[in-house]
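Now for the letters of each chain:
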Amino acid sequence: MASEKVKTFTDSNFDSEIKNGVTLVDFWAEWCGPCRRLAPMVDAIAAEYDGRATVAKMNVDENPSVPGRFMIRGIPTLLIFKNGELADQIVGLVPKEEIARKLDQHL
Amino acid sequence: MADRKVTIIGSGPAGLTAALYTARANLKPLLVEGLEAGGQLMLTTMVENYPGFRKGIDGPELMAEMREQALHFGTDLVQGNVERVNLRDRPFSLAFSDGKTVTTDALIIATGASARWLDIGCDRKLAGHGVSTCATCDGYFFRGKPIAVVGGGDSAMEEAIYLTRFASKVTVIHRRESLRASKIMQDKAFANPKIEFIWDSEIADITDLERGEVTGILVRNLKTGSLTDVALDGVFIAIGHTPNTALFRGQIELDEAGYVCTHHGTKTNCPGVFAAGDVQDHIYRQAVTAAGSGCMAAIDAERYLDGLPIPDETTDLAASLEAPAVNEMLKP
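Computed from a predicted structure; not experimentally measured.

Section: the environment of H106 of chain A
Residue and element names in this part refer to chain A.
Then, in step 1: By secondary structure assignment, the location of H106 is in the segment after α4 (96-104).
Then, in step 2: Residues H106 and I80, 26 residues apart in the sequence, show an inter-C-alpha distance of 8.4 Å.
Then, in step 3: Beyond its immediate sequence surroundings of up to four residues, H106 is in contact with V22, I80, K82, A87 and D88.

Now the structure itself:
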């Protein structure tokens, strides 16, 4: 169950949602085992960074356009945006502390 | 006094079997699942060679069953990630990435092995953008597209066959002129019309790093030295594994390839530390052998905790099995 601090992005609201501040987007799918392992860590990050960064999930099955634009060919992939610009990426399953470390670099 | 009598790091077949046996021996084991919980089988599809499942069983389903079985007998499972270990002082201590520490009298290392990458650098940089070590994770992104699989073993063939569900064409690139894979996997791969082979060759380069996606590969023929460009959209690497032993380097004996050296069963050169599964086995690497050595590590750890001599080749095994603690563990 996704935390309520985690937003859900779609192809249609993506661009407006990432415009301001620092945003972490988790690209995932139902069938992806490592994505399921990463989900609780993303939830925890969302709670810890509440008010400082936006944390969102994007289902790649339901939203083909944005993952295509960022040439995502493997999940889980986390992209970090700062004021609408791609600032960093994390590919694959990593410890929560690693996500926090990358995020801190852009805050 | 230590927090735990026995702690197990790793949650593949070796770790979970060690947990099952130590839990049934009332040792209340702590099992640290680690980041890649469930181990390599979580990334496979059908497992057809685990005894007891004549119709095969899905890798993740098998691991879910093993996990439930270990929990049922009282294993404490934690999801953390061990960042540092101290095996020089007693009890041993483990430091987790979230800052917590656990001390333990005995330790079972079952951290397994992880997929190896090519050593051309650009493969890691294009990870998630067309280069992958996990067909079941990423195959979906290559519907109707041509891709390559690097490797000639069973896992390479399994990946190639699986990927034909999505890809328009799968080109297997192998360093030799024949496959190392088992006969049954070779037959399946050769019979698949979507799979082609490039023999005696390796990947010299993957393009296009600048665009941040895979557009093709440069293939070098190792016999002639000739270079060929092949346009494709994805590269799946299945060239074997490296043991996850960085955590223990300098504290227990490792071989040249980084595997834990075990002797007289699952003992390492550090008394009280045992190793099971792929982390100490580069030969068999099967779910069933990993589970078997996990059981051995549990029995060795229990004997260590009881202060009993651990059987070695000079001990009469039948006599040693009369110890009540071991009988307890071996009861059906």
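Quick notes on the nonpolar core
Then, in step 1: Grouped together as the largest cluster of nonpolar side chains are 41 residues, with contacts concentrated most on F14, F27 and I75 of chain A together with V149, M157, L163 and V170 of chain B.
Then, in step 2: At the level of elements, β2 (22-28), β3 (54-59) and β4 (77-82) of chain A together with β11 (146-150), α5 (154-163), β12 (169-173), α6 (183-191) and β13 (195-198) of chain B are the ones that each hand at least two residues to this core.
Then, in step 3: With 5 residues, the top contributor of residues to this core is α5 of chain B.
Then, in step 4: Residues A14, L41, A287 and A291 of chain B belong to the second largest nonpolar core, which totals 27 residues.

Looking at the side chain of H106 of chain A
Then, in step 1: Note on H106 of chain A: relative accessible area 13%, which makes it buried.
Then, in step 2: Looking at H106 of chain A, its side chain comes within polar contact range of the side chain of D88 of chain A, at 2.9 Å.

As for the packing of aromatic side chains
Then, in step 1: Counted under the stated rule, the structure contains 14 aromatic pairs over all chains.
Then, in step 2: Where F70 of chain A meets F81 of chain A, the ring centres are 5.2 Å apart and the plane angle is 70 degrees; that geometry is what we call edge-to-face. Of the two residues, F70 of chain A is situated in the loop between α3 (65-69) and β4 and F81 of chain A in strand β4; the sequence distance between them amounts to 11 residues. Each member of the pair, F70 of chain A as well as F81 of chain A, carries the same accessibility label: buried.
Then, in step 3: Centroid distance F190 of chain B to W199 of chain B: 6.5 Å. Interplanar angle 50 degrees. Geometry classified as tilted.
Then, in step 4: Relative accessible area serves as the criterion here: at 27%, W199 of chain B is assigned to the partly exposed category.
Then, in step 5: Through successive ring pairs, a cluster of aromatic residues spans F9, F14, F70 and F81 of chain A.

Side note on the state of the cysteines
Then, in step 1: Evaluation of the coordinates by the stated rule reveals 1 disulfide over all chains.
Then, in step 2: The disulfide partner of C32 of chain A is C35 of chain A, and the S-S distance across this bridge is 2.2 Å. Here the S-S torsion is close to 85 degrees, and the disulfide linking C32 of chain A with C35 of chain A is therefore right-handed.
Then, in step 3: Assessed through its relative accessible area of 1%, C32 of chain A is described here as buried.
Then, in step 4: You can call C35 of chain A buried: its relative accessible area is 2%.
Then, in step 5: In this structure C261 of chain B is not part of a disulfide, and its nearest cysteine sulfur, from C270 of chain B, lies 13 Å away.

A closer look at the layout of surface pockets
Then, in step 1: Estimates place the volume of the second largest pocket at around 410 Å³.
Then, in step 2: Forming the walls of the second largest pocket are 19 residues, and the residues nearest its centre are M41 of chain A together with Q79, G80, N81 and D98 of chain B.
Then, in step 3: Split into classes, the residues belonging to the lining of the second largest pocket amount to 9 nonpolar, 5 polar and 5 charged.

Looking at the sheet that holds β12 of chain B
Residues and elements named next belong to chain B.
Then, in step 1: Read from one edge of the open sheet, 5 strands run β10-β17-β11-β12-β13, paired in parallel fashion. Since the sheet does not close on itself, it has two edges, and those belong to β10 (131-132) and β13, each with one partner.
Then, in step 2: Against the sheet, α5 makes contact with β11, β12, β13 and β17 (234-237), and its axis sits at roughly 170 degrees relative to β11, the strand it touches most.

Comments concerning a negative patch on the surface
Then, in step 1: Taken together, D58, E61, E65 and E68 of chain B make up a surface patch of like negative charges.
Then, in step 2: In terms of residue count, the dominant contributor to the negative patch is helix α2 (residues 59-72) of chain B (3 residues).

A short note on the interface of chain B and chain A
Then, in step 1: Listed per partner, the contact involves 25 residues of chain B and 18 residues of chain A.
Then, in step 2: Both sides together, the interface formed by chain B and chain A hides about 1800 Å², and carbon and sulfur atoms give 56% of it.
Then, in step 3: Looking at the side of chain B facing chain A, the largest losses of area belong to L35, H129 and F141 of chain B, adding up to 33% of the total buried there.
Then, in step 4: Counting across the chain B and chain A interface gives 2 salt bridges.

Brief notes about helix α2 (residues 33-48) of chain A
Then, in step 1: An ideal rise of 1.5 Å per residue puts 22 Å on 16 residues; α2 of chain A measures up with 24 Å between its terminal C-alpha atoms.
Then, in step 2: Within α2 of chain A, the axis deviates most sharply at A39 of chain A, by approximately 30 degrees, and proline P40 of chain A lies no more than four positions further along.
Then, in step 3: The set of residues buried in α2 of chain A consists of P34, C35, L38, A39, M41, V42, D43, I45 and A46 of chain A.
Then, in step 4: Where the residues of α2 of chain A are buried, they touch β1 (6-8), β2, β3, β4 and α4 of chain A together with α4 (135-138) of chain B.

Definitions and cut-offs
- Residues numbered from 1 in each chain as written.
- Chains lettered and ligands numbered in written order.
- Predicted model: local features only at pLDDT ≥ 70, side-chain atom pairs only at ≥ 80, totals over all residues.
- Heavy atoms only, no water.
- Helix = DSSP H or I, 4+ residues; strand = E, 2+ residues; numbered from the N terminus.
- Contact = heavy atoms within 4.5 Å.
- Core = buried A, V, L, I, M, F, W, Y, C linked by side-chain atoms within 4.5 Å.
- Buried < 20%, exposed > 50% of the residue type's maximum accessible area, 1.4 Å probe, protein only.
- Polar contact = N/O pair within 3.5 Å; in protein donor to acceptor, adjacent residues only side chain to side chain.
- Phe/Tyr/Trp six-rings, centres within 6.5 Å; stacked < 30°, edge-to-face > 60°.
- Disulfide = S-S within 2.5 Å.
- 1 Å grid on protein atoms, 1.4 Å probe; cavity = no way out; pocket = protein on both sides within 12 Å on 5 of 7 lines; lining within 4 Å.
- Points joined across faces, edges and corners; volume = space filled by probe spheres on them.
- Nonpolar A, V, L, I, M, F, W, Y, C, P; charged D, E, K, R; others polar.
- Pairing = 2+ DSSP bridges.
- Axes fitted to C-alpha atoms, helices over the stretch in contact; angles between N-to-C directions.
- Patch = residues over 30% accessible without salt bridge, like charges linked within 9 Å, V, L, I, M, F, W, Y side chains within 5 Å.
- Areas by Shrake-Rupley, 256 points an atom, 1.4 Å probe, with all protein chains shown as cover.
- Salt bridge = Lys/Arg side-chain N within 4 Å of Asp/Glu carboxyl O.
- Lys, Arg positive; Asp, Glu negative; His and termini not counted.
- Charge placed at Lys NZ, Arg CZ, Asp CG, Glu CD.
- Buried area = accessible area lost by both parts, 1.4 Å probe.
- Expected span 1.5 Å × (residues − 1).
- Bend = angle between axes of the 7 residues up to and from the residue.

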